[in-house]
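# Breakdown of the fold
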Amino acid sequence: MEFLAALAAAIGPDRVLAGDAVPARHHSDWSGAAPVPPLALVRPRSTEEVAAVLRLCSAHRVPVVPQGGLTGLAGAAVPSPGAIALSLERMNAVESLDPVASCITVQAGATLLEVQQAAAAQGLQFGVDLGARGSCQIGGNLATNAGGNGVLQFGMMREQTLGLEVVLADGSVLPMLRPMLKNNTGYDLKQFFIGAEGTLGVITRAVLRLYPAPTARVAALVALADFDAALALLGHLQARLPRALAAFELMWRDFVETSLQWQRLREPFDAVHPFTALVEVVGEEEASVRAALEAALADAMEAGQASDALIAQSQAQALSFWKIREATAELPVHMRPPINFDVSLPMAEIGRFAAACRGAFDARWPGHHTLFFGHVGDGNLHISTDGRSIGGQQAQLEEMVYARVAAHGGSVSAEHGIGLHKKPYLAASRTPAELAAMRAIKRALDPLHLLNPGKVFDL
């Protein structure tokens, strides 16, 4: 094929794989979407090579699907028919770290874990953490505006980003790698590409913010009577421990019970409670951090905001607390299949929303197995239902959940993006005017509609 020959000539034949030579893992991602073999797998080693690839794709009208670590859950990295898969896995360098300016410059193919390790070596930390840290890549984290466990303290990937380098659909390069926090020079162009899921340009490099790493970290499990108590406790801890509250993970009873059963763990409390919060507080000295948390939780219990509390007395016990929350890794093993939702809502609405969903599920699928859990402190709620327990009626379940997201003024995607999976429901969280503006931006930056076509929305 003329196009593939031109591609191999431009960047080298070792960068281009076609047909059966394309590894099967590049046919899909973690979303479970049906695999689609790409026209070719292209693995450039530099921004200049990415630009050359996109210039050729533009000239030959060949679509491009950017791929990172393939850990996405919405199908954004699944190849489109007739498209090349553009993998950034060979552009994985941690180029520089400035401990004085607290920033790091990396190529898009560097994994999240590699960034975290480079920061830790300098006594610093990166503000985003995900369970897929060893596989997910910074470019994909940026393209989906990833969140995770650190959002309460540091924000999403958008808040960590000082600069980007991006290649546009025609091969033009936007060199926006300026490491200044203050830079008011017209449109902040990098923001167009964060969360755009590769539909507007290909992110090749990034300058990211770093923060001083805490030397002390103390975890606690807190038993709660209801969702309002959880909100009251969150506000109380944020007021008493300003800038120190690193995590506030809320687990409904169904989640805790299932996690304990799956992992053969003991009940943490003497009694069963409707809600359990996993709290983590950081600081400079462990004894003082522990004392401050003990005092704050004692006051919360006296005020009726908490029913009981356990403060980890060792790192091993803290890990055992987190093990309860991280039962999500067991979902694919025990739920067949797990039907997962990643939504966000105004915090005051989360409890009512979860109750409304549960009531609707109970009425339609008595005996269903559904788990509710989330970060909550940032408005993020996760729901996981065992597909077997609802007779495989995934489409009906999704319609039910997303209709209630719209009714409660929430977002159909908190962290995972839209991709293919949530595209039919995007209008539940975006008005026609917003969608029209998004399409206008897409047409302006990718007039041939070659970048990740069919993802997020249709033109």
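The present account deals with the structure reproduced in this document.

## Quick word on the overall build of the chain
Per the secondary structure count, the chain includes 15 helices and 18 strands. A compact globule built from 459 residues should have a C-alpha radius of gyration of about 23 Å, and the chain, at 23 Å, falls within 12% of that. Put simply, the chain has 459 residues, and 54% of those count as buried. For the chain, long-range pairs separated by at least 24 residues make up 72% of all intrachain contacts whose partners lie at least 6 apart in sequence. When the 36 basic and 44 acidic side-chain charges of the chain are each reduced to a single mean position, those positions are 5 Å apart.

## Quick look at the sheet that holds strand β4 (residues 84–87)
Spatially, four strands are ordered β1-β2-β4-β3 in an open sheet, and the strand pairing comes out mixed. Looking at the sheet topology across the chains shown, the edges are occupied by β1 (16–18) and β3 (64–67). For this sheet the average axis-to-axis angle between neighbouring strands, irrespective of direction, equals 25 degrees. Alignment of β3 against β4, held across four bridges, turns out to be parallel. Paired with Pro66 across the bridge in β4 is Leu86. Contacts between helix α2 (residues 47–60) and the sheet are confined to β2 (40–42), β3 and β4, with β4 contributing the most and set at about 165 degrees to the helix.

## Digging into the nonpolar core
Membership of the largest hydrophobic core comes to 56 residues, with the highest contact counts inside it found for Leu224, Leu237, Leu293 and Leu381. Not counting the four nearest positions on each side in its chain, Leu237 is found in contact with Leu245, Phe248, Val279, Leu293, Ala296 and Leu297.

## Concerning the sheet that holds strand β14 (residues 275–283)
On the basis of which strands lie adjacent, the open sheet formed by seven strands has the order β15-β12-β14-β13-β17-β18-β16 and antiparallel pairing. The outermost strands of the open sheet, each flanked by one partner alone, are β15 (308–311) and β16 (338–344). Taken pair by pair, the neighbouring strands of this sheet meet at an average axis angle of 15 degrees, ignoring direction. Summarising the sheet, strand β13 (residues 245–252) and β14 pair through seven bridges and their orientation is antiparallel. Looking at the pairing, Phe248 lines up with Val279 of β14. Strand contacts of helix α8 (residues 227–240): β12 (216–224), β13 and β14, with the helix running at about 175 degrees to β13, the strand carrying the most contacts. Running at roughly 10 degrees to β16, helix α14 (residues 394–407) makes contact with β16 and β18 (380–386) of the sheet.

## Digging into the pattern of salt bridges
Overall, the coordinates contain 21 salt bridges when judged by the stated rule. Among the salt bridges present, the one from Arg253 reaches Glu257, with a minimum N-O distance of 3.8 Å. You can see Arg253 and its partner Glu257 sitting in helix α9 (residues 253–263), four residues apart, about one turn around the helix. Residue classification places Glu257 among the partly exposed residues on the basis of a relative accessible area of 46%.

## Quick word on the packing of aromatic side chains
Pairs of aromatic rings are described using the distance from one ring centre to the other and the angle between the two planes. For the structure shown, the criterion picks out nine aromatic pairs. Centre to centre, the rings of Phe341 and Tyr402 are 5.5 Å apart; their planes meet at 70 degrees, and the pair counts as edge-to-face. Linking Phe341 in strand β16 with Tyr402 in helix α14, this pair joins segments that are 61 residues apart in sequence. Take Phe341 and Tyr402: they sit in the same class, and that class is buried. Site record: aromatic cluster; members linked through ring pairs are Phe227, Trp252, Phe275 and Phe372.

## Quick look at the packing of helix α13 (residues 347–364) against α14
Look at α13 against α14: their axes get within 10 Å of each other, and the N-to-C directions meet at 150 degrees. It follows from the interaxial angle that α13 and α14 lie roughly antiparallel. For the element pair α13 and α14, the recorded crossing hand is right-handed. On the side of α13, the interface is formed by Phe353, Ala356, Cys357, Ala360, Phe361 and Arg364, while α14 contributes Gln396, Leu397, Met400, Val401, Arg404 and Val405. Of the residues that constitute the contact of α13 with α14, the class distribution is nine nonpolar, one polar and two charged.

## Topic: helix α11 (residues 315–325)
Residues Ala318, Phe321, Trp322, Ile324 and Arg325 constitute the buried set of α11. Along α11, the residues classed as buried sweep out an arc of 150 degrees about the axis, all on the same side. Along α11, the residues that are exposed and aim more than 90 degrees away from the buried face are Ala316 and Leu319.

## Comments concerning the side chain of Asp386
Of note, Asp386 is situated in strand β18. Classification of Asp386 by relative accessible area gives buried; the value is 6%. Here Arg336 takes part through its backbone nitrogen, which lies 3.3 Å from a polar atom of the side chain of Asp386. If we ignore the near neighbours within four places in the chain, the residues touching Asp386 are His334, Met335, Arg336, Pro337 and His369.

## Section: unusual backbone geometry
Note: most peptide bonds trans; most residues except glycine with negative phi. Residues Arg336 and Pro337 are joined by a peptide bond in cis, for which omega reads -5 degrees. Its place among the elements puts Pro337 in the loop between α12 (331–334) and β16. Phi at Asn145 is positive, roughly 50 degrees, even though this residue is not glycine. Here Asn145 shows up in the loop between α4 (138–143) and α5 (151–154). Take Asn145: its relative accessible area is 13%, and that puts it in the buried class. Backbone geometry at Arg243 places phi at a positive 65 degrees, although glycine is not the residue there. If you trace the backbone, Arg243 turns up in the loop between α8 and β13. Using a relative accessible area of 76% as the deciding quantity, one classes Arg243 as exposed.

Cut-off values and rules
- Residues numbered from 1 in each chain as written.
- Predicted model: local features only at pLDDT ≥ 70, side-chain atom pairs only at ≥ 80, totals over all residues.
- Heavy atoms only, no water.
- Helix = DSSP H or I, 4+ residues; strand = E, 2+ residues; numbered from the N terminus.
- Rg over C-alpha atoms; globule rule 2.2 N^0.38 Å.
- Buried < 20%, exposed > 50% of the residue type's maximum accessible area, 1.4 Å probe, protein only.
- Contact = heavy atoms within 4.5 Å.
- Lys, Arg positive; Asp, Glu negative; His and termini not counted.
- Charge placed at Lys NZ, Arg CZ, Asp CG, Glu CD.
- Pairing = 2+ DSSP bridges.
- Axes fitted to C-alpha atoms, helices over the stretch in contact; angles between N-to-C directions.
- Core = buried A, V, L, I, M, F, W, Y, C linked by side-chain atoms within 4.5 Å.
- Salt bridge = Lys/Arg side-chain N within 4 Å of Asp/Glu carboxyl O.
- Phe/Tyr/Trp six-rings, centres within 6.5 Å; stacked < 30°, edge-to-face > 60°.
- Parallel < 35°, antiparallel > 145°, perpendicular 65-115°, else oblique.
- Left-handed = near helix turned anticlockwise from the far one by under 90°.
- Nonpolar A, V, L, I, M, F, W, Y, C, P; charged D, E, K, R; others polar.
- Arc of directions from axis to C-beta.
- Polar contact = N/O pair within 3.5 Å; in protein donor to acceptor, adjacent residues only side chain to side chain.

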